[in-house]
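# Coordinate analysis (summary)
Chain by chain, the residues:
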Amino acid sequence: MTRAKPLDAPSPAPGEAPAPLPPFPWGAMAILFFAHLVVDSLVSMLSPLLPLLRAKFQMSLSEAGLLVSALSLSNAVSQPLTALVVDRWPRLPWLLVGLGGSAFAMTAIGWAPSYGLVAAAVLLGGCMAGLCHPDMASRASNLSQRHKGLVVSAFLMGGRLGFSLGPLVAIGVAQALGMEWLWLYALVALAAALGVRWGLPEPPPSAHAGKDSRIFLRSLRASLRKAGLPLFLLTAITLCRAVVNINLMGFLPTLYVEWGLGLWSGGAANAILLFFGGLGVMLGGVLADRVGMRAIVVAAQVLSCLSVVAFLASPPGLGMAVLGAVGLSMYLMMGVGIAYAQEMMPDNRGFASSIMLGVAWGLASFSVWPISKVAEQVGLHTAFWLLPGFLAVSLCLSLLLPKRAKR
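Values in this document were obtained by computation on a predicted structure and should not be read as measured data. (Residues numbered from 1 in each chain as written. Predicted model: local features only at pLDDT ≥ 70, side-chain atom pairs only at ≥ 80, totals over all residues. Heavy atoms only, no water.)

Relative to the elements of secondary structure, A269 occurs in helix α9 (residues 263-291). Judged by its relative accessible area of 0%, A269 is buried. Along the chain, A269 and P167 lie 102 residues apart, while their C-alpha atoms are 9.6 Å from each other. Apart from residues lying up to four places away in sequence, A269 is in contact with L252, Y256, M320 and L323. (Helix = DSSP H or I, 4+ residues; strand = E, 2+ residues; numbered from the N terminus. Buried < 20%, exposed > 50% of the residue type's maximum accessible area, 1.4 Å probe, protein only. Contact = heavy atoms within 4.5 Å.)

Attention now moves to helix α7 (residues 186-199). Between its first and last C-alpha, α7 extends 19 Å over 14 residues, near the 20 Å set by a 1.5 Å rise per residue. What α7 keeps buried is the set A189, A192, A193 and V196. One side of α7 holds all its buried residues, which, seen down the axis, span an arc of 100°. Those residues of α7 that are exposed and aimed more than 90 degrees away from the buried face are L187 and W198. (Expected span 1.5 Å × (residues − 1). Arc of directions from axis to C-beta.)

Right, let's get into helix α10 (residues 293-313). Three- or four-residue spacings in an α-helix give side chains the same orientation, since the helix completes a turn every 3.6 residues. Between its first and last C-alpha, α10 extends 31 Å over 21 residues, near the 30 Å set by a 1.5 Å rise per residue. Within the span of α10, buried status applies to M293, R294, I296, V297, V298, A300, Q301, S304, S307, V308, F311 and L312.

You can see P80 is positioned in helix α3 (residues 61-88). Each C-alpha atom of the pair P80 and L357 lies 8.9 Å from the other, and the pair is 277 residues apart in sequence.

Before going further, it helps to spend a moment on the nonpolar core. The biggest cluster of nonpolar side chains holds 120 residues, and the ones touching the most others in it are L46, F311, L323, V326 and M345. When residues of this core are assigned to their parent elements, the largest contribution, 17 residues, is made by helix α8 (residues 213-258). Beyond its immediate chain neighbours, meaning those up to four positions away, L46 contacts L53, L67, V68, L71, M106, I109 and V122. (Core = buried A, V, L, I, M, F, W, Y, C linked by side-chain atoms within 4.5 Å.)

Moving on to the side chain of S44. Along the chain, S44 falls in the loop between α1 (26-43) and α2 (46-57). A distance of 3.0 Å separates a polar atom in the side chain of S44 from the backbone oxygen of S41. In this view, S44 contacts G162, F163, G166 and P167; residues no more than four positions away in its chain are not counted. (Polar contact = N/O pair within 3.5 Å; in protein donor to acceptor, adjacent residues only side chain to side chain.)

For the rest of this paragraph, the subject is the pattern of salt bridges. Here the structure, examined in full by the defined rule, presents one salt bridge. Across the pair K373 and E376 runs a salt bridge, and its minimum N-O distance is 3.6 Å. A residue pair is termed a helical-turn pair when its members lie 3 or 4 positions apart in one helix, as K373 and E376 do in helix α14 (residues 368-378) at three residues. Residue classification places E376 among the partly exposed positions, given a relative accessible area of 32%. (Salt bridge = Lys/Arg side-chain N within 4 Å of Asp/Glu carboxyl O.)

A separate point is the side chain of S41. By the secondary structure assignment, S41 is in helix α1. Classification of S41 by relative accessible area gives buried; the value is 0%. Of note is the side chain of S41, whose polar atom sits 2.8 Å from the backbone oxygen of V38. Other than its neighbours up to four places away in sequence, S41 contacts G162, F163, G166 and Y185.

Judged by side-chain polarity, F104, W111, L124, L177, W181, W183, L184, L187, L190, L194 and W198 come together as a nonpolar surface patch covering roughly 1200 Å² of accessible area. Element by element, the count of residues in the nonpolar patch is highest for α7, at four residues. Within the fold, L190 resides in helix α7. For L190, a relative accessible area of 49% translates into the label partly exposed. (Patch = residues over 30% accessible without salt bridge, like charges linked within 9 Å, V, L, I, M, F, W, Y side chains within 5 Å. Areas by Shrake-Rupley, 256 points an atom, 1.4 Å probe, with all protein chains shown as cover.)

With that settled, consider the packing of α9 against helix α12 (residues 334-344). Following both chains from N to C, one finds α9 and α12 inclined at 50°, their axes separated by 7 Å at the closest point. On the basis of the axis angle, α9 is oblique to α12. Two secondary-structure elements touch here, α9 through V281, G284, G285 and A288 and α12 through M334, G335 and V336. Its residues placed into classes, the contact of α9 with α12 shows four nonpolar, three polar and no charged. (Axes fitted to C-alpha atoms, helices over the stretch in contact; angles between N-to-C directions. Parallel < 35°, antiparallel > 145°, perpendicular 65-115°, else oblique. Nonpolar A, V, L, I, M, F, W, Y, C, P; charged D, E, K, R; others polar.)

In this section: the confidence of the model for the chain. In this model, the chain carries an average pLDDT of 81, and 86% of its residues clear a pLDDT of 70 or more. Under a pLDDT of 50 for its full length, residues 1-11 has, in the predicted model, 39 contacts with residues more than four places off or in other chains. (pLDDT = per-residue confidence, 0-100.)

At a closest axis distance of 10 Å, the pairing of α10 and α12 adopts a crossing angle of 140°. One element, α10, and the other, α12, form an angle in the oblique class. Seen along the crossing, α10 lies across α12 with a hand that is left-handed. Here α10 contributes M293, R294, I296 and V297 to the contact with α12, which in turn contributes V336, A339, Y340 and E343. Its residues placed into classes, the contact of α10 with α12 shows six nonpolar, no polar and two charged. (Left-handed = near helix turned anticlockwise from the far one by under 90°.)

For the rest of this paragraph, the subject is unusual backbone geometry. Trans peptide bonds make up the majority, and among non-glycine residues the majority have a negative phi. Although it is not a glycine, Q58 adopts a positive phi angle of roughly 55°. With respect to the element layout, Q58 can be found in the loop between α2 and α3. Residue class for Q58 comes out exposed when judged on its relative accessible area of 66%.

Next up, the structure:
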């Protein structure tokens, strides 16, 4: 397999004609897009099946919330750990293992005979999905330096579309064949694994190859110190937004079922949120290459706060339409945030992405159980009014970001 090359051409020597730009790596980007779509569609299958799982195992709302929290936490917490080994040994088949493991575990929730086994499958599936993300993000960021914001956002758009399609696949299979037939979707994961194995360029060799592990860890600590306060602010912003995202994704189907609108309406609500989220990720990457990453981060806080308030203030039917604006604004900075963090830590791109997708989302997952407990007392819709407060905090933090990331 050939190695992916950045889009930028080297600067010509004086008097020489400029070297032609290498072609944009559309094929590699398509494979990463599809792999990310499959991984995140698997992760998103839990949420729309919660009403069915609650009926099957007589779960309370807080017990369902524990499953959502366990999935998000296992997915997120595993990423900083796997990012270390991906950055250290990028050419081992982490992505293939993660694809296979997440496909087995997440489809097992359909046939698992007890709540305990569903919880175990969720934990394993989250860890296996967490193994995939640092590898995919690192590969995506290496495809083009000139259009990094666009490339990373296009890769992330695959994940958002996966999140939007996963609930529809899960509900369709469950209602047509029964939840136990979810294993059929593992065949789609197999197709993605074949694409990765035979069509994806090899990642570049590690910058730390041949070095002692202690030197690698010292280099990582130095990168973190250099990134400093801006990286901390960006992580805190992502954390606040992840609290909103996790609770919306986890409980929208349950909210619509509580409103008496049915399981398909709940799945459609998640699909709308995440489909427009995919468009938002892509739009953010395009605009960031034009107006700068910080501007997109600040704009995302304002727009997402307004749209979430509008959704909560709307009746269910109109709220379904407003969810498009919520998805667009809530994911506007997702790819930009990862590219921003990787710009702060250019020698540890996998770890930088894991901070955004792992540390922040892992901490945010702890919010699910307390919010579900509040919801048991006052109802989900009322409890959701806590969410705009997190976006107000993220807006204040975004104003403190420097105009350019440290290099």
